Amino acid sequence: MAVYIDPPTWPGHGRMWSHMVSDVSYEELHAFAARLGAPPRAFDGDHYDVPSERYRGAVELGAIEVSSKELVRRLTEAGLRRRKGG
C-alpha cells in the first residue's frame, strides 16, 4: 500500500513533470494528492501529473521515488493502468 512518483523528466507547458500513482486504489491516490495540494485537474486517468516544484513535497509526504519504468510496472500489476484511448 503505497504512492509512487517518478522523477520530473517529462516536459510540458514550459515545466518538467512527474507522474504519481497508487498501487492500491484511486481513492488512496486522490487522498494523497489532496494532502499534497494537487488540483483535481492534475489527475490524468490513472495518475497525477506533478510539477517539478512539488516533487520534493510529495516525497516528504511519503511518496516513494521510483523510475518511470518501475512506476508503470507497479501501476499495471495493481490493475490500475488505464491506457489512453482504450
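Each remark here, short or long, concerns the structure printed above.
What comes next is a walk through the structure. (Residues numbered from 1 in each chain as written. Predicted model: local features only at pLDDT ≥ 70, side-chain atom pairs only at ≥ 80, totals over all residues. Heavy atoms only, no water.)

### Focus: the overall build of the chain
Scanning the chain from terminus to terminus reveals 3 helices and 5 strands. Along the chain direction, N to C, the helices and strands of the chain fall in the order β-β-β-α-β-α-β-α. Computed over its C-alpha atoms, the radius of gyration of the chain comes to 12 Å, within 12% of the 12 Å expected for a compact globule of 86 residues. If you line up the chain on its principal axes, its C-alpha atoms span 30 × 25 × 25 Å. A burial count over the chain gives 38% of its 86 residues as buried. Pairs at least 24 apart in sequence give 56% of the contacts found in the chain among residues at least 6 apart. Taken as a whole, the chain presents about 5100 Å² of accessible surface, with 55% of it coming from carbon and sulfur. Each charge sign in the chain was given a centre, from 12 positive and 12 negative side chains, and these centres are 3 Å apart. (Helix = DSSP H or I, 4+ residues; strand = E, 2+ residues; numbered from the N terminus. Rg over C-alpha atoms; globule rule 2.2 N^0.38 Å. Buried < 20%, exposed > 50% of the residue type's maximum accessible area, 1.4 Å probe, protein only. Contact = heavy atoms within 4.5 Å. Areas by Shrake-Rupley, 256 points an atom, 1.4 Å probe, with all protein chains shown as cover. Lys, Arg positive; Asp, Glu negative; His and termini not counted. Charge placed at Lys NZ, Arg CZ, Asp CG, Glu CD.)

### Some thoughts on the nonpolar core
In this structure, Ile5, Met20, Tyr48 and Ala58 are the most contacted members of the largest nonpolar core, which totals 15 residues. Elements represented by at least two residues in this core include exactly strand 1 (3-5), helix 1 (26-36), strand 4 (48-51) and helix 2 (52-61). In terms of residue count, helix 1 provides more of this core than any other element does, 4 residues in total. When sequence neighbours within four positions are dropped, the list of residues in contact with Met20 reads Val3, Tyr4, Ile5, Leu29, Phe32, Ala33, Leu36, His47, Tyr48, Val50 and Ala58. (Core = buried A, V, L, I, M, F, W, Y, C linked by side-chain atoms within 4.5 Å.)

### Describing helix 1
Considered for burial, the residues of helix 1 that qualify are Tyr26, Glu28, Leu29, Phe32, Ala33 and Leu36. Projection of helix 1 onto a plane perpendicular to its axis shows the buried side chains occupying an angular sector of 155°, all on one side. Projecting away from the buried face of helix 1 at angles above 90 degrees are the exposed residues Glu27, Ala34 and Arg35. Tucked into the core, helix 1 has its buried residues touching strand 1, strand 3 (15-22), strand 4 and helix 2. Phi turns positive one or two residues past the end of helix 1, at Gly37, with a value near 90°. (Arc of directions from axis to C-beta.)

By themselves these figures say nothing about function.
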